[in-house]
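Examination of the molecular architecture
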Amino acid sequence: MTVQKMAHKDLMPYIQFFENNSIIMLLVNDENGKIINANLTAQKFYGYSKKEFLSKYVWDINSIGKERSLEKLKEHRRQGQLLVQDKHHLANGEIRDIELHTCRVQIGGKPVSYCIIHDVTERVKAEKQVNYMVYHDQLTGLPNRYALKEYIDQELILKQKIDKFAVLFIDLDRFKLINGTFGHSFGDLVLLEISNRLRGIFPENKVIFRYSGDEFLIVIKNTSEAKIIESTEKILEKFSYPFIINMREIFVSPSIGISMFPKDGESKETLIKNADIATQFAKGMGKNTYQFFSSDFERINSRKLGLESSLRNAVKNNEFMLCYQPQINLINREIVGVEALIRWKHPELGLISPNEFIPLAEETGLIIPIGNWVLKTACEQLKAWQMKNLPVNRVAINVSERQLQVQGFVQNVKEMLEQFGLKPEHLEIEITESIMHNTDEIEPVLKGLKDIGLRVSIDDFGTGYSSLSLLKHLPIDTLKIDQSFTKDLVIDSKATALVETIISMSESLNFEVVAEGVETEEQYSFLKRKNCRLGQGYLFSRPLNSEELLRHISG
Ligand code: C2E
Ligand code: MG
Ligand code: MG
């Protein structure tokens, strides 16, 4: 029965209100789902004439089918109104997202349902887009950290009830340097290429996530340790090829930390945190490697956190001191200078090795105030020795990469020398060989130091990857042979050959050479025989505080 048949004079305004309304409206028999009227806007929207509508049921236009439609109608009869979100089919085959409000009314004593329909296709599309943006990384298109959190807790643990999976935390080694050296848009291209390489290994959806700037996370379901090792090695292998970006060839290596559900954590927070901790340990192992989480790490890490906070106060509280290790002329065993080595007297933990706190100071940026303190103290001490006419003519200080990156570093050194009335040749700067990968940035600073007359030496030589041609171009005075080679001298033929090469190479390039870590007479006489001019090590003296050094020299 149609509304027209039931029409009464009094109903006319309502009929017109229905027919001419700019909102899409349908009238439906909520007993059987038959469409009993459609206004002009509905006819235009769906592309059906009124006649065509009258032969249709709601499931002819909706996407939930007859059975669910009948259920909905039942619910509607019970509640009197409903709000439904659905997709409707138009005559031309198009599918639109709609929002449908229904209301049960009596017309001519018969219950019917008004359906007021809004086309929300554009809104749904916009929502989807916003949703996509919230859960995806713009640059790589990979799901991001928010997606990861929902995925682990909602999807894997709650919904799929997966009983074993692994979280691989990938942190790129020295990525800040790439950004700093070549710019962020270059860095972005590297990240994009990295995400493509990872996709090559894990083509499935929702496996790789971009967690933050240079951190990617990989979730592998139902896996064993052996399989994870296999995947991890595949990742490392993919990174072993250079990235060619803007005609430049660069190498990027990852450090990977792995945590397993449920062994290493039963929630996303713990799993991610522990994988991250394992990554830091992988980095500590020399980068470009992987590490499974171990509960021991937490203990070590909490020491690190504790040290970090007390390191902040250590400069203020005057907890550092410098020791000085003599550098010896190997021909006559006379002292030619000293290397200043920092010591931290922690109020509770006692003496802490620079090997432990210097990396922490570098990470946190505290190396800048600490380095300034070292520079000032060493200059002050040298001046004091000179006033006493002690035969110490030169002090070497160790300088970290981050200090060299500070604007005005050279000027700062110059002013410090002036403040204490020291000559520049009295000060030597030691930089480790490992920072030579960043020559573009380092070279001008080294040149600046050279220009004011300072000496520059390369510390721990042999452990990094400087090439000979590079050394020739840099303004360097001294190479310090790393103590690991000195230690194996005479015993190990490879170390012996390497030391010999470094000495003869230094001769031809006109570098001074210092052998570090000389502990035995055998090492000493070997070095002397090979014309190594300078040495440093326990055989001659341990690092000494200023009074001990005074006694050492006068005794
Ligand atoms: P380095 O500059 O290579 O210093 C030499 C290290 O070898 C010192 O360790 C020294 O005590 C040790 N050593 C010297 N002779 C011998 C020997 O015959 N046998 C053995 N086994 N070891 C010997 P230390 O003082 O623990 O310093 C470790 C590292 O910490 C230094 O290595 C240096 O890289 C860093 N460091 C020390 N002081 C500073 C500083 O003021 N600033 C910065 N940035 N780094 C520093
Ligand atoms: Mg040194
Ligand atoms: Mg060294």
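The following refers to the structure shown. (Residues numbered from 1 in each chain as written. Chains lettered and ligands numbered in written order. Predicted model: local features only at pLDDT ≥ 70, side-chain atom pairs only at ≥ 80, totals over all residues. Heavy atoms only, no water.)

1. Regarding the overall build of the chain
In terms of helices and strands, the chain carries 23 helices and 21 strands. Computed over its C-alpha atoms, the radius of gyration of the chain comes to 37 Å, more than 25% above the 24 Å expected for a compact globule of 555 residues. Principal-axis analysis of the C-alpha atoms gives the chain an extent of 125 × 50 × 50 Å. A burial count over the chain gives 47% of its 555 residues as buried. Long-range pairs, those at least 24 residues apart, make up 62% of the contacts in the chain with a sequence separation of at least 6. On the chain, the mean spot of the 69 positive side-chain charges and the mean spot of the 74 negative ones are 6 Å from each other. (Helix = DSSP H or I, 4+ residues; strand = E, 2+ residues; numbered from the N terminus. Rg over C-alpha atoms; globule rule 2.2 N^0.38 Å. Buried < 20%, exposed > 50% of the residue type's maximum accessible area, 1.4 Å probe, protein only. Contact = heavy atoms within 4.5 Å. Lys, Arg positive; Asp, Glu negative; His and termini not counted. Charge placed at Lys NZ, Arg CZ, Asp CG, Glu CD.)

2. A closer look at the sheet that holds strand β11 (residues 254–261)
Pairing in this open sheet of five strands is mixed, and the strands run β7-β8-β6-β11-β12 from one edge to the other. Of all strands in the sheet, those bounded by a partner on one side alone are β7 (208–212) and β12 (290–292). Taken over all neighbouring pairs, the strand axes of this sheet differ in orientation by 25° on average, direction set aside. The strands touched by helix α8 (residues 145–159) are β6 (165–172), β7, β8 (215–221) and β11; relative to β7, the strand with the most contacts, the crossing angle is about 130°. Packed on one face of the sheet, helix α12 (residues 268–284) meets β6, β7, β8, β11 and β12 and runs near 145° to β11. (Pairing = 2+ DSSP bridges. Axes fitted to C-alpha atoms, helices over the stretch in contact; angles between N-to-C directions.)

3. As for the environment of Glu443
Tracing the sequence through the fold places Glu443 in helix α18 (residues 439–451). On the basis of relative accessible area, Glu443 is assigned to the partly exposed category, the value being 24%. Put simply, Glu443 and Val395 are 48 residues apart on the chain and 22 Å apart in space, counted from C-alpha to C-alpha. Contacts of Glu443, omitting those with residues within four sequence positions, involve His473 and Leu474.

4. Comments concerning the coordination of the magnesium ion (ligand 3)
Looking at the magnesium ion (ligand 3), one finds its protein donor set to be Asp459 (OD), Asp460 (OD), Glu516 (OE) and Glu516 (OE), positioned 2.1 to 2.4 Å from the metal centre. A separation of 4.2 Å is found between the magnesium ion (ligand 3) and the magnesium ion (ligand 2), which are bridged by Asp459. A residue pair is termed long-range when its members are at least 10 positions apart, and Asp460 in strand β18 (residues 455–461) and Glu516 in the loop between β20 (512–515) and α22 (521–529) qualify at 56 residues. Residue classification places Asp460 among the partly exposed positions, given a relative accessible area of 24%. (Donors = N, O, S within 2.8 Å, 3.2 Å for Na, K, Ca; no water.)

5. Examining the sheet that holds strand β3 (residues 81–89)
Two modes of strand pairing occur in sheets, parallel and antiparallel, and in both the strands are linked by backbone hydrogen bonds. The strand order β2-β1-β5-β4-β3 describes an open sheet built from five strands, whose pairing is antiparallel. The strands lining the two open edges of the sheet, one partner per strand, are β2 (35–38) and β3. On average, each strand axis in the sheet is inclined to that of its neighbour by 30°, with strand direction left out of account. Pairing of strand β1 (residues 24–28) with strand β5 (residues 110–119), which is carried by five bridges, proceeds in the antiparallel orientation. Within β5, the position partnered with Met25 by the bridge is Ile116. Relative to the sheet, helix α6 (residues 65–79) contacts β3, β4 (95–107) and β5, its axis offset from that of β3 by approximately 155°.

6. Overview of unusual backbone geometry
Trans is the common state for peptide bonds, and a negative phi is the common state for residues other than glycine. In the segment running from Phe261 into Pro262, the intervening peptide bond is cis, with an omega of 0°. The residue Asn222 is not glycine, and still its phi comes out positive at about 40°.

7. Considering helix α15 (residues 367–387)
In this model, α15 (21 residues) spans 30 Å end to end at C-alpha, consistent with the 30 Å of a helix rising 1.5 Å per residue. Burial in α15 covers these residues: Ile367, Ile370, Gly371, Trp373, Val374, Leu375, Thr377, Ala378, Cys379, Gln381, Leu382 and Trp385. (Expected span 1.5 Å × (residues − 1).)

8. A few points about the coordination of the magnesium ion (ligand 2)
Four donors placed tetrahedrally about a metal ideally form angles of 109.5 degrees, and six donors placed octahedrally ideally form angles of 90 or 180 degrees. Those protein atoms acting as donors to the magnesium ion (ligand 2) are Glu339 (OE), Asn398 (OD1), Glu430 (OE) and Asp459 (OD), and they sit at 2.0 to 2.2 Å. Positions of the donor residues of the magnesium ion (ligand 2) along the chain correspond to the pattern E-x58-N-x31-E-x28-D. Residue classification places Asn398 among the partly exposed residues on the basis of a relative accessible area of 31%. In this structure Glu430 comes out as buried when scored by relative accessible area, which is 1%.

9. Concerning the pairing of strand β16 (residues 395–398)
The pairing of strand β14 (residues 334–346) with β16 spans three bridges and is classified as parallel. Across the sheet, residue Val338 finds its bridge partner in β16, namely Val395. Across four bridges, β16 lies against strand β17 (residues 427–432) in parallel orientation. Following the sheet pairing, Asn398 is matched in β17 by Glu430.

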